[in-house]
Amino acid sequence: MRILIVSATRLEIRPLLFFLGCTEDELFSIKNFRFRQLHLDILITGVGLMHTAYLLGKTLACNQYDLAVNLGIAGSFQKTLSIGEVVNITEERVADLGVEGKDSFSDIVELNLLNPNQFPYNSGKLVNKTPALIHETANLKKVTGISVNKANGNQYNIDKIIQKYHPDVESMEGAAFLYACLHENIPCLQIRAISNYIEQLNKEAWNIPLAVQNLNETAIKLVNLLANPSRPFVMNAYQ
C-alpha cells in the first residue's frame, strides 16, 4: 500500500516524523519512508493554498497513491469543538476567492465565474465521499471547513463568514488538498486538530502544542493500523 501524507509544516507532524525515524535537522519537501509493508511519502508543502496546490499537483502527476491524508491544525468557529480535539473535515469551500465590496463579499460562484456543480464541486462545495472505514478515523467528528489565504481574526469579518458559509473550522490548505484528490480520484482524509477558536485575535488563548500532540497521536495510530495486514482499508472512495 502506498500512502501520501501532506502537511503544511514540519511543526504540525514533528512527532510523526520522529516516529518514522526522521531526525530534527533533516529538511525535505518530500521524503519516502518504509514502515512495515507501507510505502509512505510525506510532503511538506508550506503554508497556504498556492504552495499546497503546486507541490501536491506536481507530486500527484508523478506518483500513484492508494490513500492521501492531509494532517494539520485548524481554528474552530464552534465552541462545541474542544481545543485539541481531532476532527475529520469532509466538506470544503474557498472562502476568500471573489470580489469584496464596501459591506459585502461575492465569491466566484455568486459572480458566475464557477458552475457550482461543475466537477468536482457539488453545490459550490468540495465534498469528500471517502468512507471513514479506517478504524482510527471512523470515530472522529465529521465537520465542514473553509480554506483561506488570510486567517480570520476580525470579529466583523468572522460574523460575515459564519453568516455566509456556516463553517465549523478554518484552515489555509484544506480545499487545495481536497480539490486535487477529487480530480485524481484518490481516496483521501483531511484530519486536523483544533488549536484555537476563531475570534478577535488573541494568540494567548491558542494551544498549538496540545493540538499537535493530539493530531500526531491519531496519525501514529492511523499509520500503525494501515500497516496491519489483518485490518485492510477499503480503497474505493466512491462506494
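Note: the structure precedes this text.
Rules of the game
- Residues numbered from 1 in each chain as written.
- Predicted model: local features only at pLDDT ≥ 70, side-chain atom pairs only at ≥ 80, totals over all residues.
- Heavy atoms only, no water.
- Helix = DSSP H or I, 4+ residues; strand = E, 2+ residues; numbered from the N terminus.
- Contact = heavy atoms within 4.5 Å.
- Expected span 1.5 Å × (residues − 1).
- Buried < 20%, exposed > 50% of the residue type's maximum accessible area, 1.4 Å probe, protein only.
- Arc of directions from axis to C-beta.
- Patch = residues over 30% accessible without salt bridge, like charges linked within 9 Å, V, L, I, M, F, W, Y side chains within 5 Å.
- Areas by Shrake-Rupley, 256 points an atom, 1.4 Å probe, with all protein chains shown as cover.
- Salt bridge = Lys/Arg side-chain N within 4 Å of Asp/Glu carboxyl O.
- Disulfide = S-S within 2.5 Å.

Student: Even after reading the chapter, I still don't get the environment of Ala-95, so can you show me in this structure?
Tutor: Relative to the assigned elements, Ala-95 resides in the loop between β5 (86–94) and β6 (98–100). Between the C-alpha atom of Ala-95 and that of Ser-171, which follows or precedes it by 76 residues, the distance is 10 Å. Once residues lying within four places of it in the same chain are set aside, the contact partners of Ala-95 are Phe-105, Ile-146, Ser-147, Val-148, Ile-161 and Tyr-165.

Student: Would you take a moment to explain the side chain of Thr-59 for this structure?
Tutor: Position of Thr-59 among the secondary structure elements: in helix α2 (residues 49–62). Sequence-distant contacts of Thr-59, defined by excluding residues within four places in its chain, comprise Leu-4, Ile-30, Leu-43 and Tyr-65.

Student: Teacher, can you tell me more about α2 here?
Tutor: Residues three or four positions apart in an α-helix share a direction because the helix packs 3.6 residues into each turn. In this model, α2 (14 residues) spans 20 Å end to end at C-alpha, consistent with the 20 Å of a helix rising 1.5 Å per residue. Every buried residue of α2 is listed here: Leu-49, Thr-52, Leu-56, Thr-59 and Leu-60. Around the axis of α2, the buried residues are gathered within 110° of arc, so they sit on the same side. Away from the buried face of α2 by more than 90 degrees, exposed residues Met-50, Tyr-54, Ala-61 and Cys-62 are located.

Student: Is there a simple way to explain the environment of Val-169 in this structure?
Tutor: Mapped onto the fold, Val-169 is located in strand β11 (residues 169–171). Distance in space between the C-alpha atoms of Val-169 and Leu-210 is 17 Å, their sequence separation being 41 residues. Those residues in contact with Val-169 that sit more than four places away from it in its chain are Ala-74, Gly-75, Ser-76, Phe-77, Leu-81, Ile-89, Val-143, Thr-144, Gly-145, Ile-146 and Ile-194.

Student: Help me understand a nonpolar patch on the surface in this model?
Tutor: A cluster of nonpolar side chains, contributed by Val-99, Leu-111 and Leu-113, occupies part of the molecular surface with about 270 Å² of accessible area. Within the secondary structure, Val-99 is located in strand β6. You can call Val-99 partly exposed: its relative accessible area is 46%.

Student: I'm lost on the state of the cysteines in this one. Help?
Tutor: Disulfides are covalent bonds that connect the sulfur atoms of two cysteines. Evaluation of the coordinates by the stated rule reveals zero disulfides. No disulfide involves Cys-181; its sulfur sits 4.2 Å from the nearest other cysteine sulfur, which is in Cys-188.

Student: I'm lost on the pattern of salt bridges in this one. Help?
Tutor: Should their charged atoms come close, side chains of opposite charge can pair. Evaluated as defined, the whole model comprises six salt bridges. The closest approach of N and O atoms between Lys-164 and Glu-110, which form a salt bridge, is 2.8 Å. One end of the pair, Lys-164, is in helix α4 (residues 155–165); the other, Glu-110, is in the loop between β7 (105–107) and β8 (121–122), and 54 residues separate them in sequence. Overall, Lys-164 belongs to the partly exposed group, its relative accessible area being 29%. Classification of Glu-110 as partly exposed rests on a relative accessible area of 45%.

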